[in-house]
Amino acid sequence: MQVVANLFNWLLYGVLTVQLYLYYLAFPNDRAWTKAAVYTVYVLETIQVIGLSSVLLSLIVTDDFSSHDSWLSFASFPSGVPFNGAGLDHALLVHVLLVDFVGGLCLLISAAYSVFRRIIS
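What counts, and where the lines are drawn
In this numbering scheme, every chain counts its residues from 1 along its sequence in written order. Totals for whole chains, interfaces and linings use every residue, but because this is a predicted model, local features are given only for residues with pLDDT of at least 70 and side-chain atom pairs only at 80 or more, for both listing and counting. As a rule here, side-chain values come from all non-hydrogen atoms in the structure, and water together with hydrogens is ignored. Only rings of Phe, Tyr and Trp enter the pairing, Trp through its six-membered ring, and a pair is recorded when the two centres are within 6.5 Å. The plane angle decides the type: under 30 degrees is stacked, over 60 is edge-to-face, the rest tilted. Strands are runs of DSSP state E lasting at least 2 residues, helices are runs of H or I lasting at least 4, and numbering of each runs from the N terminus. Buried means the residue's accessible area, taken with a 1.4 Å probe over protein chains only, is under 20% of the maximum for its type, while exposed means over 50%, and partly exposed covers the values in between. UniProt positions are given in the numbering used here, feature names are shortened, and annotations may be inferred rather than shown by experiment. Cavity and pocket criteria rest on a 1 Å grid covering protein atoms alone: a 1.4 Å probe that fits but cannot get out defines a cavity, protein on both sides within 12 Å along at least 5 of 7 lines defines an open pocket, and an atom within 4 Å of a point defines a lining residue. Grid points are joined across faces, edges and corners, and a volume is the space filled by probe spheres set on the points. For this classification, Asp, Glu, Lys and Arg are treated as charged, while Ala, Val, Leu, Ile, Met, Phe, Trp, Tyr, Cys and Pro are nonpolar and the rest, including Gly, are polar.

Enquirer: Just to check I follow, could you spell out the packing of aromatic side chains for this structure?
Expert: For any pair of aromatic rings, the description rests on two quantities: the centre-to-centre distance and the angle between the ring planes. Taken as a whole and judged by the stated rule, the model has 5 aromatic pairs. On the basis of an interplanar angle of 15° and a centroid distance of 5.5 Å, the ring pair of Y13 and Y42 is categorised as stacked. Taken together, the residues span a long stretch of sequence, with Y13 in helix 1 (residues 2-26) and Y42 in helix 2 (residues 32-61) at a distance of 29 residues. Here the two residues Y13 and Y42 agree in accessibility, since each one is buried. Each ring, one from Y23 and one from F27, has its centre 5.7 Å from the other, and the planes form 40°; the classification is tilted. Residue class for F27 comes out partly exposed when judged on its relative accessible area of 46%. Ring pairs connect the aromatic residues W10, Y13 and Y42, which therefore count as one cluster.

Structure, rendered in structure tokens:
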């Protein structure tokens, strides 16, 4: 399941790359803050795609991949150690940082841009 989800993530990243290129061609005279928001989201998505791919690669190489059933259990503890606040698993840490934090930051940027555009017009 993780492989399919990661391939879908790369597919959507390719779509985002094409959209960024078309934005660059179609709107060369946009304001600097608009371009900064667009390029910041693209950089954050690049970090997310690379990070999640490295975690998937490490799970495949270390053979912890076979012990996980779904994408949600991807962030669980493979050794079965209960959560006690210490010894976070690498996959859990990367999942929380990349998916939750970076995804939330991209959402915040796009929502702030949308609200700002509503106030202007």
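Enquirer: What's the story with the UniProt feature "transmembrane region" (unreviewed entry) in the protein chain in this structure? I'm lost.
Expert: As annotated by UniProt and renumbered to match this structure, "transmembrane region" (unreviewed entry) occupies residues 6-27, 39-61 and 92-116. Helix makes up 95% of residues 6-27 and strand 0%, and the two end C-alpha atoms of the span are 31 Å apart. The span residues 39-61 is 100% helical and 0% strand by assignment, and the distance between its end C-alpha atoms comes to 33 Å.

Enquirer: Please clarify how the layout of surface pockets should be interpreted in this entry.
Expert: Summary: where empty space remains is shown by rolling a probe the size of a single water molecule over the atoms. There is about 280 Å³ of room inside the largest pocket. Around the largest pocket sit 13 residues that line it, and L16, T34, A37, V38 and V41 are the ones nearest its centre. Counting residues per element, the ones that place at least two in the lining of the largest pocket are helix 1, helix 2 and helix 3 (90-120). Take the lining of the largest pocket: its biggest share by element is 5 residues, from helix 2. Residues that form the lining of the largest pocket fall into these classes: 10 nonpolar, 3 polar and no charged.

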